[in-house]
Amino acid sequence: MTHTIHIAPSILAADFTRLGEQVRDAEAGGGTLIHIDVMDGRFVPNISMGPLVVEAVRRVTSLPLDVHLMIIEPDHLLENFARAGATSITVHWETCPDLPRTLQAIKSLGCRAGVAINPPTSANVLFDFIHQVDLINVMTVNPGFGGQAFLPEMLPKIRQLRQMLSGRALDIEVDGGINRDTAPAAVEAGANVLVAGSSVFNSKHSVAEGIEALRRAVGN
Ligand code: DX5
Ligand code: ZN
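Residues numbered from 1 in each chain as written. Chains lettered and ligands numbered in written order. Predicted model: local features only at pLDDT ≥ 70, side-chain atom pairs only at ≥ 80, totals over all residues. Heavy atoms only, no water.

With that settled, consider the site of ligand 1. Looking at ligand 1, there are 20 residues lining it, with Ser-10, Asp-37, Asp-175, Gly-197 and Ser-198 nearest. Taking Ser-10, its side chain carries an N or O atom lying 2.7 Å from an oxygen atom of ligand 1. Here an oxygen atom of ligand 1 sits 2.8 Å away from a polar atom, N or O, in the main chain of Gly-147. Within the residue set of the shell around ligand 1, elements represented by two or more residues are strand E2 (34-39), strand E3 (65-70) and strand E8 (193-196). For the shell around ligand 1, the class distribution of residues is 8 nonpolar, 10 polar and 2 charged. (Near = heavy atom within 4 Å. Polar contact = N/O pair within 3.5 Å; in protein donor to acceptor, adjacent residues only side chain to side chain. Helix = DSSP H or I, 4+ residues; strand = E, 2+ residues; numbered from the N terminus. Nonpolar A, V, L, I, M, F, W, Y, C, P; charged D, E, K, R; others polar.)

Written out as structure tokens, the structure is:
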């Protein structure tokens with residue numbers, strides 16, 4: 001079965017002095033989602049951005065905003081991100097003691113509900129929840145920083161999740177170290193949403209060229 005391939009530029013790697021321009025370039029260059037990484041300095045060893053940035057990005061693009069919450073106790077902030085304009089909200093399995101309740105809360109705010117799993121976390125933890133999610137994010141680096149190397153050990157996990165879905169069209173996102181060299185194996189394993197930070201936003205080429213290189217690499 002073939003799934004629509006999405007390229008989701010991650011603004012963590014963008015030039016924040018001209019964020020609006022970078023997001024517009026990502027849309028004009030063929031990005032299909034804008035990925036926004038929220039970090040709290042607790043679940044991950046870094047702090048990034050919050051609802052204010054989501055709200056600013058919302059004003060410069062019509063693309064869906066894919067908000068990735070790398071924060072502990074996400075429940076009390078879901079509404080802030082939904083109000084700021086998130087299209088999907090992804091929480092980490094590792095941070096949610098009552099995942100069904102959190103997913104339901106995201107949906108009742110009108111957003112798509114996603115769940116992310118860290119590299120050491122097994123795909124099996126999602127077995128009971130898979131029918132409740134719209135999106136699975138398989139972290140292909142340890143979360144917290146852009147520019148890390150893709151972990152090829154995650155490929156069997158992607159394959160296992162695609163099999164667990166037994167044909168149901170659900171987005172499997174890969175996040176971390178995705179570039180023209182690593183994307184093909186991720187797609188072959190069953191991923192269809194490619195989050196890409198440093199391979200899209202860098203000084204070696206334009207944003208459009210970065211996106212195009214990814215598309216070409218996966219034959220899309
Ligand atoms: C990592 C973030 C990623 C990050 C990926 O914690 O979740 O979304 O932006 O960056 P690259 O593509 O540079 O690995
Ligand atoms: Zn992310």
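This paragraph deals with the pairing of strand E5 (residues 112-117). Of all 6 residues in E5, 5 are buried, a share of seventy percent or more. With 5 bridges connecting them, strand E4 (residues 88-92) and E5 associate as parallel partners. Opposite Thr-90, over in E5, you have Gly-114 as the bridge partner. Between the parallel elements E4 and E5, the chain passes through helix H4 (residues 99-108) in a crossover that is right-handed. (Buried < 20%, exposed > 50% of the residue type's maximum accessible area, 1.4 Å probe, protein only. Pairing = 2+ DSSP bridges. Right-handed = clockwise from strand over helix to strand, strands pointing away.)

Let us now look at helix H2 (residues 51-58). Among the residues of H2, Val-53, Val-54 and Val-57 are the ones counted as buried. Seen end-on, H2 carries its buried residues on one side only, within an arc spanning 105°. (Arc of directions from axis to C-beta.)

Right, let's get into the coordination of the zinc ion (ligand 2). Where a metal carries four tetrahedral donors, each ideal angle is 109.5 degrees; where it carries six octahedral donors, the ideal angles are 90 or 180 degrees. On the protein side, the zinc ion (ligand 2) has His-35 (NE2), Asp-37 (OD), His-68 (ND1) and Asp-175 (OD) as donor atoms, found 2.1 to 2.3 Å from it. Note that the zinc ion (ligand 2) binds 6 donor atoms; their angles at the metal cover 68 to 172°, and the shape is octahedral. Between consecutive donor residues of the zinc ion (ligand 2), the sequence gaps follow H-x1-D-x30-H-x106-D. Residue Asp-37 is found in strand E2, and its partner Asp-175 is found in strand E7 (residues 171-175); the two are separated by 138 residues along the sequence. This pair shows no difference in class: Asp-37 is buried, exactly as Asp-175 is. (Donors = N, O, S within 2.8 Å, 3.2 Å for Na, K, Ca; no water. Tetrahedral: all angles 85-135°; square planar, octahedral: opposite > 155°, others 65-115°.)

Our next topic: unusual backbone geometry. The phi dihedral of Glu-73 falls on the positive side, at around 45°, and the residue is not glycine. Positionally, Glu-73 belongs in the loop between E3 and helix H3 (78-84). One non-glycine residue with positive phi stands out, namely Ser-166, at about 30°. Examined against the element boundaries, Ser-166 turns out to sit in the loop between helix H5 (155-164) and E7.

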